[in-house]
Amino acid sequence: MRLILLGPPGSGKGTQAQRLVHKHNIVQLSTGEMLRAAVAAGTPVGLQAKDIMAAGGLVPDEIVISIISDRIDQPDARNGFILDGFPRTVPQAEALDELLKRKHMKLDAVVELRVNESALLDRVEKRAAETRARGEEVRVDDTPEVLVKRLASYRQLTEPLIHYYSERRKLLTVDGMMTIEAVTREITRILTALGAVEGKAAPTAQKGLRKAARPAARKAGKVARAAKKTSKTARKAAKSTSKSKKKAVKRPTRKAAPKRAKKLTKKRAKR
Ligand code: AMP
């Protein structure tokens, strides 16, 4: 199973990714986590990313793309992965399409966690308090000021991915305001309907997905319907082409029949 979790900071991507990892024996590939590890280890990438991350900006595309490309090749990612925090821009999504194609891999779905922005500040503050309570260090970018910047960056650069993936018929939207447990259940239900995880077989996917993707369909409805219409027209065109091809193949046989009959008559006459 290969999945992207899409959502603003504090929408629960990390939490859901961890739960899905345990449930489906796949790995979570979080560019934020990998970059934080690089910063902590003081690697060249870490040194480049440190200040950008602290200010809530985006690390250059080539860095994150190369991190993800290398990580996908690791043996533990063979069974599947959840991308969390990547892609974050349309160029990153295009680069991902390209690199998956090169690696002969297919994306199963993009799950968008939709949340009310007003709840995000509370969530991030809660996350910081919980981290402090565990005696761990709080993320430097988990402050209200930086969150505002990260949210603005999400709206401007990452939200266009909703359109990008809905056009490609990959997007499924889940209400991220439900409880953690309910969100996991809903994501699993969607993935099962898709046939991406064991359970119900894929033929029921369309029925299941129609229900699951309802909120997404509402927003991206026009685009999705237009895409459907286009693919319907394409299917019709293909059908009529194949019909005319069949006719074209049949015609010579019909013509050939009298020839055979003539030959037989000649042979009989000779006899
Ligand atoms: P996250 O843990 O996903 O919230 O990411 C934390 C920070 O890491 C972000 O605010 C960015 O500075 C950086 N980062 C993570 N993923 C990406 C990405 N795909 N592209 C650019 N920067 C990223």
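### Considering the overall build of the chain
Item 1. When helices and strands are tallied, the chain shows 11 helices and five strands.
Item 2. Classification of the 271 residues of the chain by burial places 38% in the buried group.
Item 3. In the chain, 71% of the contacts between residues at least 6 apart in sequence involve partners at least 24 apart.
Item 4. Accessible surface computed for the chain: about 16600 Å², of which carbon and sulfur atoms make up 55%.

### A short note on the packing of aromatic side chains
Item 1. Tallied over the full model, the rule gives one aromatic pair.
Item 2. Taking the centre distance of 5.0 Å and the plane angle of 85 degrees together, the rings of Tyr164 and Tyr165 count as edge-to-face. For the residue pair Tyr164 and Tyr165, the accessibility class agrees, reading buried in each case.
Item 3. The ring of Tyr164 carries Arg168 above its face, with NZ or CZ at 3.6 Å from the centroid.

### Description of the site of the ligand
Item 1. Surveying the vicinity of the ligand reveals 16 residues, the closest of which are Thr31, Gly57, Gly85, Arg88 and Gln92.
Item 2. Taking Thr31, its side chain carries an N or O atom lying 2.8 Å from a nitrogen atom of the ligand.
Item 3. At 2.9 Å from a nitrogen atom of the ligand is found a side-chain nitrogen or oxygen belonging to Arg88.
Item 4. At four residues, helix α2 (residues 31-41) tops the list of elements feeding residues into the shell around the ligand.
Item 5. Considered class by class, the residues forming the shell around the ligand number six nonpolar, five polar and five charged.

### Re the nonpolar core
Item 1. Membership of the largest hydrophobic core comes to 31 residues, with the highest contact counts inside it found for Leu35, Phe81, Leu83, Leu96 and Tyr165.
Item 2. Mapped onto this core, the elements with two or more residues apiece are β1 (2-6), β2 (27-30), α3 (44-54), α4 (61-72), β3 (81-84), α5 (90-102) and α8 (160-167).
Item 3. Take this core: its biggest share by element is six residues, from α4.
Item 4. Ignoring anything within four residues of it in the chain, the contact list for Leu96 reads Ile4, Leu83, Phe86, Pro87 and Tyr165.

### A closer look at the pattern of salt bridges
Item 1. If you walk through the whole model with that rule in mind, you get 13 salt bridges.
Item 2. For the salt bridge of Lys103 with Asp73, the shortest nitrogen-to-oxygen distance reads 2.9 Å. Taken together, the residues Lys103 in the loop between α5 and β4 (109-114) and Asp73 in the loop between α4 and β3 connect sequence positions 30 residues apart.
Item 3. For Asp73, a relative accessible area of 47% gives the class partly exposed.

### A closer look at the side chain of Thr89
Item 1. One can find Thr89 in the loop between β3 and α5.
Item 2. Sequence-distant contacts of Thr89, defined by excluding residues within four places in its chain, comprise Leu58, Asp61, Leu157 and Leu161.

### Re the confidence of the model for the chain
Item 1. Residues of the chain with pLDDT of at least 70 account for 73%, and the chain-wide mean is 79.
Item 2. The low-confidence segment residues 200-208, where pLDDT is below 50, has 10 contacts with residues more than four positions distant or belonging to other chains.
Item 3. Counting contacts from residues 210-262, a segment whose pLDDT is below 50, to residues more than four positions away or on other chains yields 21 contacts.

Cut-off values and rules
Chains are numbered independently. Their residues run from 1 in the order of the written sequence. Given that this is a predicted model, residues contribute local features only at a pLDDT of at least 70 and side-chain atom pairs are listed and counted only at 80 or more, while totals for whole chains, interfaces and linings are drawn from all residues. Heavy atoms throughout the structure, all of them, feed into the side-chain values; hydrogens and water do not. Numbering of helices and strands runs from the N terminus; a helix is a DSSP stretch of H or I covering at least four residues, while a strand is a stretch of E covering at least two. For every residue, the accessible area (1.4 Å probe, protein chains only) is compared with the maximum for its type, and the residue is labelled buried under 20%, exposed over 50%, or partly exposed between those bounds. Contact between two residues is taken to exist if any of their heavy atoms lie within 4.5 Å; hydrogens are not considered. A 1.4 Å probe and the Shrake-Rupley method give the accessible areas. Residues count as covered only by the protein chains that appear here. A pair of Phe, Tyr and Trp rings is counted when the ring centres sit within 6.5 Å of each other, with Trp represented by its six-membered ring. The angle between the planes then sorts it: under 30 degrees is stacked, over 60 is edge-to-face, the rest tilted. Geometrically, a lysine NZ or arginine CZ counts as sitting over a ring once it is within 6 Å of the ring centre and also within 35 degrees of the ring normal. The near set for a molecule or strand comprises every residue that places at least one heavy atom within 4 Å of it. Under the rule applied, a polar contact is a pair of N or O atoms within 3.5 Å (in protein, one hydrogen donor and one hydrogen acceptor; residues adjacent in sequence only if both atoms are side-chain atoms). All residues other than Ala, Val, Leu, Ile, Met, Phe, Trp, Tyr, Cys, Pro, Asp, Glu, Lys and Arg, Gly among them, are scored as polar; the first ten of these are nonpolar and the last four charged. As used here, the term nonpolar core means buried Ala, Val, Leu, Ile, Met, Phe, Trp, Tyr and Cys residues forming a set that is joined through side-chain atoms within 4.5 Å. Salt bridges, as used here, are contacts in which a Lys or Arg side-chain nitrogen is within 4 Å of a carboxyl oxygen on Asp or Glu. Confidence per residue, as judged by the predictor, is encoded in pLDDT with a range of 0 to 100.

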